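Chain residues, written in single-letter form:
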Amino acid sequence: MHIPAGARITLDVCAESFREAKRFFQRHYPTPAARAIVSSSWMFSPLLNQLLPADSNLVRFMRELYLYPTNSRSRSGPWFVFLQEQFDPATAPRKTRLQRAILDHLQAGNFWRDGGMFFMLDDLEHFGSQWYQKSAAWSCQTR
Ligand SMILES: CC(C)(COP(=O)(O)OP(=O)(O)OC[C@H]1O[C@@H](n2cnc3c(N)ncnc32)[C@H](O)[C@@H]1OP(=O)(O)O)[C@@H](O)C(=O)NCCC(=O)NCCS
């Protein structure tokens, strides 16, 4: 998965993008069949849940995904949030809620962690229902 900068990442936009990716791979790369959308990024950090409000696009998107930990652990912030060549918390921008929350988190002596995610293409019909958070449902139901 590639996440371009700029447009807001609403659930509708994500759902349509996932559906389009499924159609694209079915048409152009049918074998072996693509099974999942996968990514690892600052955008899937478990910290975002704590640092951003529940109604932010990033948090709402994460609730739709199967999240897993990755091994990053850093005293610097994520590059895509501050866009500084050399990260410096003293001069890093504090314009957005996310920037302020991450800087406060780091300045309190904590670490930054990236995270990983996948979404199974067979589960697309459930996108928007927080499918993987309802673990009892997805592990036991037949389609
Ligand atoms: C993906 C993206 C469009 C999501 O933005 P969004 O839809 O506004 O996300 P949210 O609704 O969750 O934002 C909540 C808050 O965090 C801020 N925020 C979100 N992404 C941010 C970013 N990359 N840098 C700085 N602030 C960011 C928003 O501005 C908002 O704060 P505000 O209300 O003070 O303006 C945005 O993060 C972005 O452009 N990222 C760059 C591309 C990228 O990182 N790709 C991944 C590479 S691995």
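Residues numbered from 1 in each chain as written. Predicted model: local features only at pLDDT ≥ 70, side-chain atom pairs only at ≥ 80, totals over all residues. Heavy atoms only, no water.

Student: Teacher, can you tell me more about the packing of aromatic side chains here?
Tutor: Each aromatic ring pair is specified by the distance between its two centres and by the angle formed by the two planes. Evaluated as defined, the whole model comprises 16 aromatic pairs. Note on phenylalanine 18 and phenylalanine 127: the rings are 5.4 Å apart at their centroids and 65° apart in plane angle, and the pair reads as edge-to-face. Taken together, the residues phenylalanine 18 in helix α1 (residues 11-28) and phenylalanine 127 in the loop between β3 (115-120) and α6 (135-140) connect sequence positions 109 residues apart. Given the relative accessible area of 3%, phenylalanine 18 is considered buried. Under the relative-accessibility criterion, phenylalanine 127 is labelled buried at 14%. (Phe/Tyr/Trp six-rings, centres within 6.5 Å; stacked < 30°, edge-to-face > 60°. Helix = DSSP H or I, 4+ residues; strand = E, 2+ residues; numbered from the N terminus. Buried < 20%, exposed > 50% of the residue type's maximum accessible area, 1.4 Å probe, protein only.)

Student: Just to check I follow, could you spell out the nonpolar core for this structure?
Tutor: Among the nonpolar cores identified, the biggest contains 34 residues, and Phe18 and Phe61 are the most heavily contacted of them. No other element matches the 5 residues that helix α5 (residues 97-107) contributes to this core. Sequence-distant contacts of phenylalanine 18, defined by excluding residues within four places in its chain, comprise Met1, Ile37, Phe61, Leu65, Met117, Phe119, Leu124 and Phe127. (Core = buried A, V, L, I, M, F, W, Y, C linked by side-chain atoms within 4.5 Å. Contact = heavy atoms within 4.5 Å.)

Student: How should the site of the ligand be read in this particular structure?
Tutor: The immediate surroundings of the ligand are formed by 20 residues, with Ile3, Ala7, Trp42, Leu58 and Thr96 found nearest. A distance of 2.8 Å separates a nitrogen atom of the ligand from a polar backbone atom of isoleucine 3. Note that an oxygen atom of the ligand is positioned 2.9 Å from one of the backbone N or O atoms of asparagine 57. Protein contact buries 80% of the 890 Å² of open area that the ligand shows by itself. Judged by the proximity of its atoms to the pocket grid, the ligand belongs to the largest pocket. Secondary structure elements with two or more residues in the shell around the ligand: α3 (57-62), α4 (79-82) and α5. No other element matches the 3 residues that α5 contributes to the shell around the ligand. (Near = heavy atom within 4 Å. Polar contact = N/O pair within 3.5 Å; in protein donor to acceptor, adjacent residues only side chain to side chain. Areas by Shrake-Rupley, 256 points an atom, 1.4 Å probe, with all protein chains shown as cover. 1 Å grid on protein atoms, 1.4 Å probe; cavity = no way out; pocket = protein on both sides within 12 Å on 5 of 7 lines; lining within 4 Å. Sits in = over half its atoms within 2 Å of the grid points.)

Student: Explain the environment of arginine 60 to me, please; I cannot follow it from the model alone.
Tutor: Within the element layout of this structure, arginine 60 appears in helix α3. Discounting residues that sit within four places of it in the chain, arginine 60 has contacts with Leu11, Ala54 and Asp55.

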